[in-house]
Amino acid sequence: MADNELFLEPNIGKPTEKVGYFATKAGFDRFAAAYTDGLAALPEPAEQRAVSTSFGPVRAYRFGDAGGTPLVLLSGRQASTPMWAANLPGLMADRTVWSIDSIGEPGASSQHKQLVTPVDQTTWVAEVLAGLELPRVHLLGVSIGGWLAVRVAMHPRNAWPR
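Below you will find a few notes about this structure. (Residues numbered from 1 in each chain as written. Predicted model: local features only at pLDDT ≥ 70, side-chain atom pairs only at ≥ 80, totals over all residues. Heavy atoms only, no water.)

1. Points about the pattern of salt bridges
Counted under the stated rule, the structure contains 5 salt bridges. We note a salt bridge from lysine 25 to aspartate 29, for which the minimum N-O separation is 2.7 Å. On the criterion of helical spacing, the pair formed by lysine 25 and aspartate 29 is a turn pair, its members being 4 residues apart in helix H1 (residues 25-40). Residue lysine 25 is classed as partly exposed on the basis of its relative accessible area of 49%. The partner of arginine 62 in a salt bridge is glutamate 47, and the shortest N-O contact between them spans 2.9 Å. Placement of the pair is arginine 62 in strand S2 (residues 58-63) and glutamate 47 in strand S1 (residues 47-51), with a sequence separation of 15 residues. (Salt bridge = Lys/Arg side-chain N within 4 Å of Asp/Glu carboxyl O. Helix = DSSP H or I, 4+ residues; strand = E, 2+ residues; numbered from the N terminus. Buried < 20%, exposed > 50% of the residue type's maximum accessible area, 1.4 Å probe, protein only.)

As structure tokens, then:
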């Protein structure tokens, strides 16, 4: 897994485990073109990171350097970082913003292990926050991203992976 590769080990073709995947290479290529176009509509990320988790590699983008407690964006179902295009300029004016492409959803992250329980969901997010070395954050999510934000907030901080 390399930080400079945009898509982190995409699953193409139906895998044996219940994980997110692209049915065909042509389908992945269409998605990749649309995703890349979507990223081009965003402010330029200050940093792009690949973070290993128990459930697969996760793509994270840092926007701005405004300081303060970072804001971490968690996208909704069937969405990823480009969904925040209209919101990012205003959000990054006041603080550093990170956007995470969720495990199991279309994006630049890749799922290697099935997410079965709410604890599984909380675990991969906590592993990303630890991997980004973000000891304190504000979470903002849409749809399942909102649910993830609440689950992470309810999860005891001392139980987060280090």
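Moving on from the model shown.
2. A short note on the side chain of glutamine 111
The residue glutamine 111 is located in the loop between strand S4 (97-100) and helix H3 (118-131) in this model. Here the side chain of glutamine 111 touches glycine 20 through a polar contact of 2.8 Å, landing on its backbone nitrogen. Dropping the residues within four chain positions of it, glutamine 111 is found in contact with Asn11, Lys18, Val19, Gly20, Phe55, Ile103 and Gly104. (Polar contact = N/O pair within 3.5 Å; in protein donor to acceptor, adjacent residues only side chain to side chain. Contact = heavy atoms within 4.5 Å.)

3. Some details on H3
For H3, built from 14 residues, the straight-helix expectation of 20 Å at 1.5 Å per residue is met to within 8% by its first-to-last C-alpha distance of 20 Å. Packed against the buried residues of H3 are S1, S2, strand S3 (71-74), S4, strand S5 (138-141) and helix H4 (144-154). Two residues or fewer after H3 comes glutamate 133, characterised by a positive phi angle close to 55 degrees. (Expected span 1.5 Å × (residues − 1).)

4. What about the packing of aromatic side chains?
Going through the model one piece at a time under the given rule, you end up with 7 aromatic pairs. With a centroid separation of 5.2 Å and an interplanar angle of 55 degrees, the aromatic rings of phenylalanine 7 and tyrosine 35 are classed as tilted. Of this pair, phenylalanine 7 sits in the segment before H1 while tyrosine 35 is found in helix H1, placing the two residues 28 residues apart along the sequence. The class for phenylalanine 7 is buried, based on a relative accessible area of 15%. (Phe/Tyr/Trp six-rings, centres within 6.5 Å; stacked < 30°, edge-to-face > 60°.)

5. Re the sheet that holds S4
Across a sheet, strands are paired by hydrogen bonds formed along the backbone, either parallel or antiparallel in direction. Read across the open sheet, the 5 strands follow the order S1-S2-S4-S3-S5; overall the sheet is mixed. The open sheet has two edge strands, S1 and S5, and neither has a second partner. Strand-to-strand twist in this sheet, taken as the mean axis angle between neighbours without regard to direction, amounts to 25 degrees. Where S2 and S4 come together, 4 bridges link them in antiparallel fashion. (Pairing = 2+ DSSP bridges. Axes fitted to C-alpha atoms, helices over the stretch in contact; angles between N-to-C directions.)

6. Thoughts on the nonpolar core
By size, the foremost hydrophobic cluster in this structure holds 20 residues, and its most contacted members are Val72, Ile100, Trp124, Val128, Leu129, Leu132 and Leu134. Those elements that provide at least two residues to this core are S2, S3, S4, H3 and H4. No other element matches H3, which puts 4 residues into this core. Setting aside anything within four residues of it in sequence, one finds valine 72 in contact with Trp98, Ile100, Leu129, Leu134, Val137, His138, Leu139 and Leu140. Core analysis: the second largest hydrophobic core is formed by 16 residues, Phe31, Trp84, Val97 and Ala108 among them. (Core = buried A, V, L, I, M, F, W, Y, C linked by side-chain atoms within 4.5 Å.)

7. Concerning H4
The complete set of buried residues in H4 reads Ile144, Gly145, Gly146, Leu148, Ala149 and Val152. Against the buried residues of H4 lie S3, H3 and S5.

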